[in-house]
Amino acid sequence: MAKKAKAPNNTPNGTRKNSKIGDQKISRGHGGETHQLAGGEVPTLTTKQGTPVADDQNTLRIGERGPAALEDFHFREKLFHFDHERIPERVVHARGFAAHGFFETYDSLKSLTRADLFQTKGQRTPAFVRFSTVAGSKGSGDLARDVRGFAVKLYTQEGNWDIVGNNIPVFFIQDAIKFPDLIHAAKEEPDRGFPQAQTAHDNFWDFISLTPESMNMALWIMSDRTIPRSLRFMEGFGVHSFRMVNARGESSYVKFHWKPKLGMQSVVWNEALKINGMDPDFHRRDMWGAIEAGDYPEWELGLQIFDEAFAEQFEFDILDPTKIIPEEQVPVTPVGRLVLDRNVDNFFAETEQVAFCTQNIVPGIDFTNDPLLQGRNFSYLDTQLKRLGGPNFTHIPVNAPKCPFHTLQQDGHMAMENPRGRANYEPNSWGGAEGGPREDPKKGFQSWPAEEAGTKARLRPESFADHYSQARQFYLSQTDVEQQHIADAFTFELSKVETLAIRERMVSHLLNVDAGLAKTVAGNLRIKRMPRPADAARPTREDLPASPALSILLNSANTFKGRKIGALVTDGVDVALVEGLKKAAEKEGAMVAFVAPSVGGVELSDGSWLEADEKIDGGPSVVFDAVVVLASKKGASELAGMPPARDFISDALVHKKFIGYSPEAQALVQRAGPDDEHAEGVLVLKKPADTARFVQTCRALRCWQRA
Ligand code: HDE
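Definitions and limits used
- Residues numbered from 1 in each chain as written.
- Predicted model: local features only at pLDDT ≥ 70, side-chain atom pairs only at ≥ 80, totals over all residues.
- Heavy atoms only, no water.
- Patch = residues over 30% accessible without salt bridge, like charges linked within 9 Å, V, L, I, M, F, W, Y side chains within 5 Å.
- Areas by Shrake-Rupley, 256 points an atom, 1.4 Å probe, with all protein chains shown as cover.
- Salt bridge = Lys/Arg side-chain N within 4 Å of Asp/Glu carboxyl O.
- Helix = DSSP H or I, 4+ residues; strand = E, 2+ residues; numbered from the N terminus.
- Buried < 20%, exposed > 50% of the residue type's maximum accessible area, 1.4 Å probe, protein only.
- Arc of directions from axis to C-beta.
- Contact = heavy atoms within 4.5 Å.
- Near = heavy atom within 4 Å.
- Polar contact = N/O pair within 3.5 Å; in protein donor to acceptor, adjacent residues only side chain to side chain.
- Nonpolar A, V, L, I, M, F, W, Y, C, P; charged D, E, K, R; others polar.
- Pairing = 2+ DSSP bridges.
- pLDDT = per-residue confidence, 0-100.
- Core = buried A, V, L, I, M, F, W, Y, C linked by side-chain atoms within 4.5 Å.
- Donors = N, O, S within 2.8 Å, 3.2 Å for Na, K, Ca; no water.
- Axes fitted to C-alpha atoms, helices over the stretch in contact; angles between N-to-C directions.
- Parallel < 35°, antiparallel > 145°, perpendicular 65-115°, else oblique.
- Left-handed = near helix turned anticlockwise from the far one by under 90°.
- Expected span 1.5 Å × (residues − 1).
- Phe/Tyr/Trp six-rings, centres within 6.5 Å; stacked < 30°, edge-to-face > 60°.
- Lys NZ or Arg CZ within 6 Å of the ring centre and 35° of its normal.

1. A few points about a nonpolar patch on the surface
Judged by side-chain polarity, F75, L79 and F82 come together as a nonpolar surface patch covering roughly 270 Å² of accessible area. Mapping L79 onto the fold places it in helix α1 (residues 73-83).

2. Comments concerning helix α15 (residues 633-640)
The complete set of buried residues in α15 reads G635, A636, L639 and A640. One face of α15 carries all of its buried residues, which in axial projection span an arc of 145°. For α15, the exposed residues set more than 90 degrees away from the buried face come down to K633, K634 and S637. Against β15 (564-569), β20 (626-630), α16 (643-654) and α17 (666-672) lie the buried residues of α15.

3. Quick look at the site of the ligand
Around the ligand there are 22 residues in total, and R90, R130, R376, Y380 and Q384 lie nearest to it. With respect to the ligand, the side chain of R130 contributes an N or O atom lying 2.7 Å from an oxygen atom. Residue R376 places a side-chain N or O atom 3.3 Å away from a nitrogen atom belonging to the ligand. Every element with two or more residues in the shell around the ligand is listed here: β7 (148-156), β8 (159-166) and α9 (371-388). With 6 residues, α9 is the largest single contributor of residues to the shell around the ligand. For the shell around the ligand, the per-class residue count stands at 11 nonpolar, 8 polar and 3 charged.

4. Brief notes about the sheet that holds strand β19 (residues 614-615)
Here we have 6 strands laid out as an open sheet, ordered β19-β16-β15-β20-β21-β22, and parallel in their pairing. Of all the strands in the sheet, just β19 and β22 (682-684) have a single pairing partner and so form its edges. Sheet analysis places β20 next to strand β21 (residues 659-661), joined by 3 bridges and oriented parallel. Following the sheet pairing, V629 is matched in β21 by Y661.

5. Points about the confidence of the model for the protein chain
Confidence in the prediction of the protein chain, expressed as mean pLDDT, is 94, and 94% of residues score 70 or more. Counting contacts from residues 1-32, a segment whose pLDDT is below 50, to residues more than four positions away or on other chains yields 43 contacts.

6. Thoughts on the nonpolar core
Counting 48 residues, the largest nonpolar core has F172, W205, I208, L219 and F490 as the members making the most contacts within it. At the level of elements, α2 (179-186), α3 (202-209), α4 (215-221), α10 (469-476), α11 (480-495), α12 (500-513) and α13 (515-525) are the ones that each hand at least two residues to this core. The biggest single contributor to this core is α4, with 6 residues. Here F172 is in contact with V147, L182, F204, I208, E213, S214, M217, I221 and T322, once residues within four sequence places are set aside.

7. A few points about the coordination of the iron atom of the ligand
Donor atoms from the protein around the iron atom of the ligand number only one, Y380 (OH), found at 1.8 Å. Considering the arrangement of structural elements, one finds Y380 in helix α9.

8. Focus: the environment of G681
Locating G681 in the fold gives a position in the loop between α17 and β22. Along the backbone, G681 and T697 are 16 residues apart, and their C-alpha atoms lie at a distance of 8.1 Å. If we skip the residues at most four places from it in the chain, G681 touches K657, F658, I659, C703 and R706.

9. Notes on the packing of α3 against α12
Helix-helix packing is described using two parameters, namely the angle between the two axes and the distance between the axes. Packing of α3 against α12 leaves a shortest axis separation of 9 Å and a crossing angle of 40°. Of the possible angle classes, the one that applies to α3 and α12 is oblique. In the crossing of α3 with α12, the sense of the turn from one axis to the other is left-handed. Residues D202, W205, D206, I208 and S209 of α3 form the contact with α12, whose own contacting residues are I502, R505, M506 and H509. Here the residues of the contact of α3 with α12 sort into 4 nonpolar, 2 polar and 3 charged.

10. A closer look at the side chain of E352
The residue E352 is located in helix α8 (residues 347-352) in this model. Residues in contact with E352, not counting those within four places in the same chain, are I87, E89, R90, K138, F347 and R387.

11. A closer look at α11
Side chains three or four residues apart in an α-helix point the same way, a direct result of the helix having 3.6 residues per turn. Between its first and last C-alpha atoms α11 spans 22 Å; for 16 residues at 1.5 Å apiece the expected length is 22 Å, and the two agree. Among all positions of α11, only E482, Q483, H485, I486, A487, A489, F490, T491, E493 and L494 are buried. The inward-facing, buried residues of α11 contact α3, α4, α10, α12 and α13.

12. A word on the packing of α11 against α13
It is the contact of α11 with α13, at a shortest axis distance of 9 Å, that shows an interaxial angle of 40°. Looking at the two axes, α11 sits oblique to α13. The chirality of how α11 crosses α13 is right-handed. Residues I486, A487, F490, T491, L494 and S495 of α11 lie in contact with α13, whose contacting residues are L517, T520, V521, N524 and L525.

13. Some points on unusual backbone geometry
Backbone torsion omega between F194 and P195 reads 5°, so that peptide bond is classified as cis. Position of P195 relative to the elements: it lies in the loop between α2 and α3. Cis geometry marks the peptide bond from E426 to P427; its omega dihedral reads -5°. Note that P427 resides in the loop between α9 and α10.

14. Quick notes on the pattern of salt bridges
The tally for this structure, following the rule as stated, stands at 41 salt bridges. The shortest N-O distance in the salt bridge between D690 and K687 comes to 3.1 Å. On the basis of relative accessible area, K687 is assigned to the partly exposed category, the value being 45%. Taken together, the shared-partner salt bridges connect R229, R232, D286, D295, K561 and D625 into one network.

15. Overview of the packing of aromatic side chains
Centre-to-centre distance and the angle between the planes together describe a pair of aromatic rings. Within this structure, the stated rule accounts for 21 aromatic pairs. Taken together, the aromatic side chains of F103, F118, F131, F150, W161, F242, F256, W258 and W299 make up a single cluster linked through ring pairs. Sitting over the face of the ring of F102, R124 holds its NZ or CZ atom 3.8 Å from the ring centroid. Positioned above the aromatic ring of F356, the side-chain terminus of K153 is 5.2 Å from the ring centre.

16. With respect to the pairing of strand β11 (residues 251-260)
Of all 10 residues that make up β11, 8 are buried, and the element is covered over most of its length. Bridge analysis of strand β9 (residues 236-237) against β11 gives 2 bridges, and the strand direction is antiparallel. In the sheet register, F237 faces β11, and the bridge partner there is H257. Direction of pairing for strand β10 (residues 242-245) relative to β11: antiparallel, over a ladder of 4 bridges. Paired with V245 across the bridge in β11 is S251. What sits between the antiparallel neighbours β10 and β11 is a turn of 5 residues, in which G249 has the positive phi angle 85°. Sheet topology places β11 next to strand β12 (residues 298-306); 8 bridges connect them, and they run antiparallel.

Written out as structure tokens, the structure is:
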């Protein structure tokens, strides 16, 4: 039955003429006009061509129930644009999070480098930093066990310098030609399209077990470095050896280190699994929140500086990206600080479109022949063309230099900046502005004049052949707790590998690293007969001293600053304890989030109201660094009947977090785990002063000694 047409200005979901939505008065307007809304004046909606839009709710139609008119340019433009919103995600490091900030030089490094940003004490250079995971797609969880990218763009006065690093100082492979294989093996298996954002599958460990050069990295990725608590609490590394060159043309080798001001911190694996379910954006949320709160994340840039003589006598090849130079051998000299003090205005425009390229260096910095770096110098520029669609990605504000720049390059997709004047070539005989920019041999970038000669062949240097010694050194430099986490991680990952031969092959490599580790992992996997050690191109050196700098736990910053306490509260709780906790945390520079049975909040002992940040099942203890349970007697018995409240405490216990509780909550805490009230790191909070002691205790971050 045909329906009767209604008056067009009364369509159920839309507005055609002047109408009212709530208290907002919406009227038709012309371009440039503004309208009075409840929230103030807003501009008129227009098309991309600037034509004012009268109706954004209804397609232009012939009759109320008739066909759409092709001439509806607004509809077509809107849908056309939407259809093209996506650009290819990064092949690797697709999931990222970034912020703006600055780099500040401590003291002039003139004698080391002519790089503009290091010339004057206190000099500030704008920076943009993008952190990422490697294997997962854009929408994957933040807590995947994975290497984190740590890419820094420094907008210097002499061009953009990108230090495209990771949070681990070594890499899997020694030659860039192996990169596609490594990444194919790590990402989803191509027939089934899973697993997402995990290395715990056959293909990855098949590749690793057939690639002995990856063993040092394998140890690092099975350590807690790959499950950081926050992007703010992790180190960054340039990985390769680079050169710094001063104004006299003298070169030194350098390795770049970013050291977090608040120290390193990781979560434990069981926590990571739960956080991924609870809050897949845990790392982004943490960084966004810290910056919005004015608690700006900060790192120190440190340099390991060494010369040719050191390179000659060092046990390993300084061009081999699977090796570190222990800090005990070449100390890290702090040269400046990186502060992130501004979140992006728009995620896509900045975080997604930022294009890091290892080839982006400036006068005073130079490459070495690290074969991985040489290959990367091709790949990054190439990948931007695919991702951003044309050669003019440097015109996007986040990628454009902040210093004057003049090229003779022109045209192409989306050209925003073309050379001005008549001359778009060189040499030319036009004078002045007409003639365009000219080279400057003094100011311009000069490659360090390395002497190079050799046979043209596909080669791997002999000096790269020791694949196990530094893996062993890394393992032996860890505390007992960290060694156990490494064994547990190998066990977890290899338990997901279905092919027994791959599990055994990995154990055969571990035998070359440390017999104890191999035995533990083999035992955990119930491998019946221990395999032979893998054939090694070089025997493992047992004389390398432990490097304490490689341990996270040995380098704790002994502060609870920047961390978060989850406080589970109920009606009737002692207001003095709540206030005491807030003050103690504030004094330490830490935060408190209140978790309650209802997000509406609780009524405190004095009748005042405390708003909650989370409802109990939305704020589990895994998202906090330490927890307290502040309950009244009645509140505690109510919590006892709530499974998420019990998990809140029992997870915190298992994850070795410090736990504080008001006396009324004692039975609740005991039911969740410890059979006596004196379990280590579990503290009763009777009066406000106890909360201050609790926060001081939390500086140790975890109570590892708890049974
Ligand atoms: Fe990358 N890498 N990579 N990589 N990489 C990319 O470039 C590549 C390597 C790193 O936040 C891609 O713009 C090759 C080491 C970071 O946007 C691509 C090789 C290190 C990021 C690429 C390596 C890194 C990337 C993909 C082996 C640490 C993210 C998207 C020789 C020192 C940057 C893109 C961002 C991204 C290639 C190895 C760090 C495909 C060929 C070693 C932090 O070009």
